[in-house]
Amino acid sequence: MYHPCGVNNEAAKSPLPGFADGVHKVIETAIEKNDLDFFYRLYLTRMAELSLTGQGEEFIKYAKSSLDDSQNSLFMAKGFEAIGNLIDLKFAKCISTLDELEISTRGNDIHAWVDQISNLCRAYINFHNGNYQISMKHAQISIESPIKSGTLDPMDKGRLIRLVACIGLITSDVVKINKCALDILAIENPDNLSVLGQAKSAIESMQLLSQGEYKKAYDLAKTTIALEEAAGRVGIAAPFDCRFVVIRCLYEFSMVNEALDEIRKLRDEAKQNNSAFVAYLCEVGEIRILSRIPNSHDEISTKVNKLRNDLLINPDLKAMTWLVDLAEFFAKSLSNDLGRINTIVERNPEFTYLQQLGKSVLGRHKQEDANKFKELPENTAYEVIRKNLHLSKVKSEGVKKQREYLKRALAKGEQVGALEIFLRQDNSTLEAIINLSSASNSIWLESLSRFAIERIQERNRKARITGDQLTSREIEVLKYLVSENSISSIGQTLHVSKNTMKTHLRNIYRKLDVNGRGEAAKKAKENFII
């Protein structure tokens, strides 16, 4: 009788390779009883371990060792080769093998199995190449497939759900993360596979992060990373998603140097692991963190330009070009260039994360509507903080009520360890926090107050060098100074007289503290004024 996974049904004659001496007694007993189900489970367990520890070649050899010589087994051998190449991060070879296999099995009863593993492999490969939307489609097809081959259920199904949750984390899609948290709980785990338990923990840490429960998210993600690294999880099975969670939590704790160290480590590892998407996500994350560090303008400018050159020129990286806009968004937020920020947001309607960031930044400059904010939910820590911060800025509520709202936000912030969400607020909110801290015994609030003072000082220093005091007309003139056009030509373009141009230039040079056109253009670029 043909085994559903192509395993030879003849009597077992020897222990399967790759196991310690301690289990040989159990194996010998199974041999005596000709217990094929035992060997089948052992076979799958060993395959799973090889796949999770980055041993693709061994996986291929081991998978083929128990296949018979039927036509379907030959097809399955090819399928296992594709998975082995995926494990070894040989993405091009994996895709080539899958393309060949799909053509060869059309009309064959094993094609459904081939389609399932093809979608699994393509989900991972498209993700690591930056095509996260295509990755999502392949993952969903594989997860929802009615075929149960043994290799995709429940371990791989859990890992695919985890991958989808990671995409939700990257795109700030809370609904998707919450759905994955429910989907993973619905997967049966009769063999108590640790990898499935770790997938559940990883998704829970992402969910906690999205809810603003930063302390809990950090602890759970760190624990999951420790367990998976101890188990040798590498390659596509590496806990990069949990490391994203840790980095984001460090950022929200306002531990910027620690966050910077972690994101650089992850970036370097991602480059070694052939994961372009994770590497470039880290590049953008690094730009965001650097924006919190004084005197980092030159480094940010260099990184944005490099990212632009990498992603916009190489056609193979086309799917990741939106990351250039995300990086520029963080850079332009430094100079408060609302016009450019609005342009970036408007041309990326499909990217939820950019839309949310844009709404947050651009919304700061709109008149507050108390009734609209009072209707906001308070189901999560993040929602409680956000709602009450909004209400604390509504002047029509009165000073006393504004302070009450701010106290509620701070109380929840202290509970979950949030700092950065408060430090991102305007100076008037930071000054209110400083005033509240003087009448409080909270060590956390005292720490936040100290950070708030530093943030205000940092903003004031930045205002002196970033051209915040330039008029809109002077900034317009400044934009033309980077060209090779003559001053008179620029004046004609702007319909400005020669004497007025001279006045604008004197004011620009004085305000930027420079001695000429070249220095002004250089300083404006470095500080993201233009």
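Not measured: the values here are computed from a predicted model.

## What about the overall build of the protein chain?
Scanning the protein chain from N- to C-terminus turns up 28 helices and zero strands. In the protein chain, 63% of the contacts between residues at least 6 apart in sequence involve partners at least 24 apart.

## Details of helix H23 (residues 427-437)
What H23 keeps buried is the set Thr429, Leu430, Ala432, Ile433, Leu436 and Ser437. For H23, the angular spread of the buried residues around the axis is 160°, confining them to a single face.

## Points about the pattern of salt bridges
Considering all chains together, one arrives at 34 salt bridges under this definition. The residue Asp173 makes a salt bridge to Lys176 at a minimum N-O spacing of 2.9 Å. The partner of Arg340 in a salt bridge is Glu328, and the shortest N-O contact between them spans 2.6 Å. Here Arg340 is found in helix H17 (residues 338-346), whereas its partner Glu328 is found in helix H16 (residues 322-335), with twelve residues between them in sequence. Residues joined by salt bridges that share partners form a network here, namely Arg264, Arg267, Asp268, Lys271, Glu283, Glu286, Glu299 and Lys303.

## Notes on the packing of aromatic side chains
In this structure the tally under the stated criterion is ten aromatic pairs. Ring geometry for Tyr218 versus Phe253: centroids 5.7 Å apart, planes at 65°, classification edge-to-face. Remark: Phe253 occurs in the loop between helix H12 (240-252) and helix H13 (256-272) and Tyr218 occurs in helix H11 (residues 214-230); sequence separation between them is 35 residues. Overall, the relative accessible area of 22% leaves Tyr218 in the partly exposed class. Under the relative-accessibility criterion, Phe253 is labelled buried at 14%. A ring pair is formed by Phe329 and Phe330, whose centres lie 6.0 Å apart and whose planes are at 85°; its orientation type is edge-to-face.

## What to know about empty space enclosed by the protein
With the rule as written, the count across this model stands at three cavities of 30 Å³ or more. The space that makes up the largest cavity amounts to roughly 150 Å³. Around the largest cavity, the lining comprises 14 residues; the ones closest to its centre are Arg159, Arg162, Ile236, Ala237 and Ala238. For the lining of the largest cavity, the elements supplying multiple residues, two or more each, are helix H8 (155-170) and H12. The dominant element in the lining of the largest cavity, judged by the number of residues it contributes, is H8, at four residues.

## Some thoughts on the side chain of Gln402
By the element assignment, Gln402 lies in helix H21 (residues 399-416). Note on Gln402: relative accessible area 15%, which makes it buried. Not counting residues up to four positions away in its chain, the partners in contact with Gln402 are Leu391, Ser392, Lys393, Val394 and Lys395.

## So, the state of the cysteines
Tallying each qualifying case throughout the model produces zero disulfides. Residue Cys94 stays outside any disulfide, its sulfur separated by 4.0 Å from that of Cys121, the closest cysteine. In this model Cys166 remains outside any disulfide bridge; the closest cysteine sulfur is found in Cys242, 9.1 Å from its own. For Cys166, a relative accessible area of 1% puts it in the buried group.

## Describing the packing of helix H20 (residues 381-391) against H21
Across the interface, H20 lies against H21 with an axial gap of 8 Å and an inter-helix angle of 155°. Relative to H21, the element H20 is oriented roughly antiparallel. In the crossing of H20 with H21, the sense of the turn from one axis to the other is left-handed. Across the interface between the two elements, Ala381, Val384, Ile385, Asn388, Leu389 and Leu391 of H20 pack against Gln402, Tyr405, Leu406, Arg408, Ala409, Lys412, Gly413 and Val416 of H21. Of the residues belonging to the contact of H20 with H21, the class tally is nine nonpolar, three polar and two charged.

## Regarding the confidence of the model for the protein chain
On average, residues of the protein chain score 85 in pLDDT, and 86% of them reach the 70 mark or higher. Below a pLDDT of 50 lies the segment residues 1-24, which in the model reaches 47 contacts outside its immediate sequence neighbourhood of four places, other chains included.

## What to know about the nonpolar core
Leu323 and Phe422 are the most contacted members of the largest nonpolar core, which totals 130 residues. Among the elements that take part in this core, helix H14 (residues 276-290) stands out by supplying ten residues, more than any other. Discounting residues that sit within four places of it in the chain, Phe422 has contacts with Ile385, Leu389, Ala409, Leu410, Gly413, Leu430, Ile433, Trp444 and Leu448.

## Section: unusual backbone geometry
The phi dihedral of Ser172 is positive, around 60°, even though this residue is not glycine. Inspection of the secondary structure assignment puts Ser172 in the loop between H8 and helix H9 (174-185). Not every positive phi belongs to a glycine, and Ser254 is a case in point at roughly 65°. Relative to the helices and strands, Ser254 resides in the loop between H12 and H13.

## A closer look at the packing of H8 against H9
Running from amino to carboxyl end, H8 crosses H9 at an angle of 165°, the nearest separation of the two axes being 8 Å. On the basis of their axis angle, the class for H8 and H9 is roughly antiparallel. For the crossing formed where H8 meets H9, the hand is left-handed. Across the interface between the two elements, Gly158, Ile161, Val164, Ala165, Gly168 and Leu169 from H8 touch Lys176, Ile177, Cys180, Asp183 and Ile184 from H9. Classifying every residue of the contact of H8 with H9 by side-chain character gives seven nonpolar, two polar and two charged.

## Structural notes on the environment of Leu307
The topology assignment puts Leu307 in helix H15 (residues 297-313). Once you skip the residues sitting within four places of it in the chain, Leu307 turns out to touch Tyr280, Glu283, Val284, Leu323, Val324 and Ala327.

Reading guide: rules and limits
- Residues numbered from 1 in each chain as written.
- Predicted model: local features only at pLDDT ≥ 70, side-chain atom pairs only at ≥ 80, totals over all residues.
- Heavy atoms only, no water.
- Helix = DSSP H or I, 4+ residues; strand = E, 2+ residues; numbered from the N terminus.
- Contact = heavy atoms within 4.5 Å.
- Buried < 20%, exposed > 50% of the residue type's maximum accessible area, 1.4 Å probe, protein only.
- Arc of directions from axis to C-beta.
- Salt bridge = Lys/Arg side-chain N within 4 Å of Asp/Glu carboxyl O.
- Phe/Tyr/Trp six-rings, centres within 6.5 Å; stacked < 30°, edge-to-face > 60°.
- 1 Å grid on protein atoms, 1.4 Å probe; cavity = no way out; pocket = protein on both sides within 12 Å on 5 of 7 lines; lining within 4 Å.
- Points joined across faces, edges and corners; volume = space filled by probe spheres on them.
- Disulfide = S-S within 2.5 Å.
- Axes fitted to C-alpha atoms, helices over the stretch in contact; angles between N-to-C directions.
- Parallel < 35°, antiparallel > 145°, perpendicular 65-115°, else oblique.
- Left-handed = near helix turned anticlockwise from the far one by under 90°.
- Nonpolar A, V, L, I, M, F, W, Y, C, P; charged D, E, K, R; others polar.
- pLDDT = per-residue confidence, 0-100.
- Core = buried A, V, L, I, M, F, W, Y, C linked by side-chain atoms within 4.5 Å.

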